[in-house]
Amino acid sequence: YPFKSPACKQRTRQTVQRQAGVATAAVVMCGIFGYYVFNVNRDIKAVLEALFNGLRRLEYRGYDSAGIAIDLVDAYPLLQLRNADDPYGLILEENGDHGCTAPLVIKEVGKVAQLEKLVSETLSSSNIDTSRVFKSHVGIAHTRWATHGSPSAINSHPHVSDPDAEFTVVHNGIITNYKLLKDFLINHGETFVSETDTEVIPKLCRFVYKRLKDKVPFPKLVFEVLKKLEGAYAVLVKSTHYPGELVACKRGSPMIMGIKEHKEGLAVRRSSFANIRDADDTKWRSESIEVFVASDPAAVLEHTKRVIVLEDNDVLHVTGGGYGIYNTGGQDVDEAVPRVLQTLQMEVEQIMKGGYEHYMQKEIHEQPESLLQTMSGRVLFQRKAVGDPYLSQRIKLGGFVETAQMIRNARRMMFVACGTSYHACLAARQTMEELCDLPVVLELASDLLDRRCPIFRDDCCVFVSQSGETADTLLALEYAKSRGALCVGITNTVGSAISRSTHCGMHLNAGYEIGVASTKAYTSMILSITMIALQLSEDSISKRETRDRIIDELGQLPGKVRAALMLDSAMRELAETLKDEHSLMFFARGRNYATALEAALKTKEVALIHSEGILAGEMKHGPLALVDEKLPIILFATKDTMHKKMDSVIQQLLARAASLCIVCNTGDQGMMAYADQGCRIIQVPETVDALQPVVNVIPMQLLSYHLTLLRGHNVDQPRNLAKAVTTSEEH
C-alpha cells in the first residue's frame, strides 16, 4: 500500500474485507483519465475535482470499482534545478528522485461517489491541506471492470510497484502473457498483492529501472517494458524517479490526449518535442500547459476541444511545458512522430442529459435529429424538375468516391459486426442485395475469428461498430486486410481505430451516444448502409424507380420517427402489463427479423428479462412448442412483402390461445381487427420496406426503457455490461 498515512492503510484494509466475496464480472472496458499540469497554479482540491469529473464522464462505460493517485510533492521546483557548472543547461539528474515521496493512492469498490467520500475522509484524517497550491502535478484515475480477480480495493487501479510506489500504473485491456511475467518477477524476488494482470506492469518497470546501467529518459524505460508485454492495453505510468512526468502508451485500447495551453497573446500553439532528448531543453520549463489523457473524448470535452488521437504503439511523454509522441513500431523510436491536432466536433451539451432523466431516454428521443444529421449534406431530397433525372446524383458519400466501382466489382459483400451493429446489418442486408445485385453475407466478428472464415482479395468486407474500437471487430478487420480484401468502415466515432484502419467508409454523425443500450446509433447504422446501397446502385437504370422511392422517403423518415415517439405513454402502459413476466418472444420475418432480434436484445440487456427474437418462418421447427396463453408474444406485421405471411402466423398463434401484441401500420384494418380477439395493437407510420425497420424499432426501444424503470434497474448502466467491449479472448 503506497499510503504514507496509517489511517489510509487501515481504511483500505477495511474496504477489502467489506467487499470480500464479490463475483467476477464480464470482460469489458474500463476507463482511464490522467491530468497533467505544469506552470499553472492548481490546488489539490482542483486536481481532485478534475480527476473525479473525468471519472464521472466515464461512468457510462460500466465499472465496479475506481481509484486515483495524486502527488503530495510539487515537482515544479525539482524540474527547475540546473547543473551548477552550467546554469542554463539541463536538469541536474534525469533519473534522480530528488527525495520525492510516493503519491497518495486511494481505491474503493463501488461508484465514483463512494470513492469521493473515501478520499475526503482520508485527506481529513491525514491532515492534508487541499488548498495547497501546486505548479506541477500528475494525477491519474481509473474505473475498473473486473477481469482478473474479483472487485476489491486490492484489485482496483492504480497499481504500484512496491510500498513506496516508485512506479504507479492504470491500465485498460488485457496482458495476455501476464502469468509468464508474474512467475519471472516472483522468481526474482517480487511480491504480488493483487490477482490482476495489471500489477506486472509497475513491477516490471521497477525491475528494469533497477537493472539499467545508464540513466535513461522515462519513455525509453517504458519502451523496454513494452517489449515484454503482449495483448491489448492503454496505460498511464507515473514514477517518483521521474517527478512531474507522465507517460501514456496505447496498443489496441483507445486513448486520446487533450491539450490546454496557457500562452498570453497566443490562442493556439503546438508544443511538441522533435526527439526524446528535446524534453531536456530548458525552454520547456517556461511554458504552461494542461494535458488530459483519457480513454474517451467525453472525459476531456469540458476542458478542451483540442485533442490528439493516439495510434497503436504510440508512447506519449509529457514533461515540463511540452510533450512528445513516439512509436515503438518505427525504425527510430527516439524520433517523435507527427500526429494531427484535431478539434472535437461536439459540445458539452451532447454529454449532458439535457432535461431527460436518463441518457437512454434522451438518445431515443434524439433520433429524428440524429437521422437527419446522418443524411445532412449527403442526400438530395427533392427530385430535379428539369434535366435528365438519370444524371442527377441524389446520394453523395465522400468516403466512397474512389472505391465505389471496386465495391461494385466485388465477388461478394461481407458485413462483420457484433451485437446491435450486427442487427443493423441484418436489417439492411436485403436492401443491399436488391439494389446492388451483390451476394451479401453477415458474420459475427467473434465467430469469423473462431472459424478463420475464407476471405478473398475480391471480397468487400464492411466493418460496423458504434465506437469504432470493438475488439473482435478490429481483430476481424486485421484478418481481412491480411487476406487482401477491400475493407470498409462504418462507425460513429471520428478518429477511431476502425475509421483509421479501413480503406474507405462513412461516419454515422449520429451524435455522442452514452447509454450502454445503443438506440440512435442503431437506426443511423441502418440508414447509413441503405445510403451506401443507394449510391452503389446509382448507375443502374432498372433500379432507378426503386431508388427514387426510397430517397423520397428519406426526407419523411425523421417525421415518421417523431410520430412513433408519440407512442411513449402507450409503451409505458404495455410495460406495466409485462413488468412481472419472466420471458418475452418477438416474431418477425424479412427485414423485421432484425427488429425482433434487436427488441429482444434491448429487453435482455436493460430490463433483464429473458427474451428471444424468432424468425417466424422457423416457428414450426421448435418455437411453437413454447406458445401458450401465459407467454407474451410481440409480432411485427407491417405492410411490407412479409405482410400476408405474418397474417398467417398470427392466425396460427391465436389458434393456440397465444397472448399477442401486434405492431402494424397506422390504418391497417386487417390487423386492427385482431383487437376483437384480445390482441393489443401498436400502430406505427408506414414507409418503404427498406426503412420500415427504423420506424418499427422505436416503440420497442421505449418499451425496454419503461420495463427497466418499472423493474427498478439502472437504465444507463445495465448489470455486467459496458458501452464498448474493447477486450477479447485471445485468437
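Refer to the structure above for everything that follows.
Here the structure is a predicted model, which is why all the values come from computation and not from measurement. (Residues numbered from 1 in each chain as written. Predicted model: local features only at pLDDT ≥ 70, side-chain atom pairs only at ≥ 80, totals over all residues. Heavy atoms only, no water.)

*Asks:* How do you make sense of the pairing of strand S20 (residues 583-588) when you look at a structure like this?
*Replies:* When a strand is regular, its side chains alternate between the sheet's two faces. Within S20, five of the six residues are buried, which leaves it mostly tucked inside the rest of the structure. Relative to strand S21 (residues 610-615), S20 is paired through six bridges, and the arrangement is parallel. The residue bridging methionine 585 from the neighbouring strand is glutamate 612, located in S21. You can see the chain leave S20, run along helix H19 (residues 592-605) and come back into S21, and the turn it takes is right-handed. Where S20 meets strand S22 (residues 632-636), three bridges bridge the pair, whose relative direction is parallel. Residue pairing in the sheet places methionine 585 in a bridge with isoleucine 633 of S22. (Buried < 20%, exposed > 50% of the residue type's maximum accessible area, 1.4 Å probe, protein only. Helix = DSSP H or I, 4+ residues; strand = E, 2+ residues; numbered from the N terminus. Pairing = 2+ DSSP bridges. Right-handed = clockwise from strand over helix to strand, strands pointing away.)

*Asks:* Got a minute to help me understand the packing of aromatic side chains in this structure?
*Replies:* One pair of aromatic rings is described through two measures. These are the centre distance and the angle between the planes. Here the structure, examined in full by the defined rule, presents eight aromatic pairs. Seen from their ring centres, phenylalanine 167 and phenylalanine 218 are 6.5 Å apart, and the 50 degrees between their planes marks the pair as tilted. In this pair, phenylalanine 167 is assigned in strand S6 (residues 167-175) and phenylalanine 218 in helix H7 (residues 218-226), connecting sequence segments 51 residues apart. Here phenylalanine 167 falls in the buried class, since its relative accessible area comes to 0%. Since its relative accessible area comes to 0%, phenylalanine 218 is described here as buried. Here the aromatic rings of tyrosine 209 and tyrosine 242 are separated by 6.2 Å at their centres, their planes lie at 75 degrees, and the arrangement is edge-to-face. With tyrosine 209 in helix H6 (residues 200-210) and tyrosine 242 in strand S8 (residues 242-251), the pair connects residues that are 33 residues apart, well separated along the chain. Neither residue differs from the other here; tyrosine 209 and tyrosine 242 are each classed as buried. Members of the aromatic cluster, joined through ring pairs, are Phe167, Tyr209, Phe218 and Tyr242. (Phe/Tyr/Trp six-rings, centres within 6.5 Å; stacked < 30°, edge-to-face > 60°.)

That's the geometry; what it means functionally is another story.
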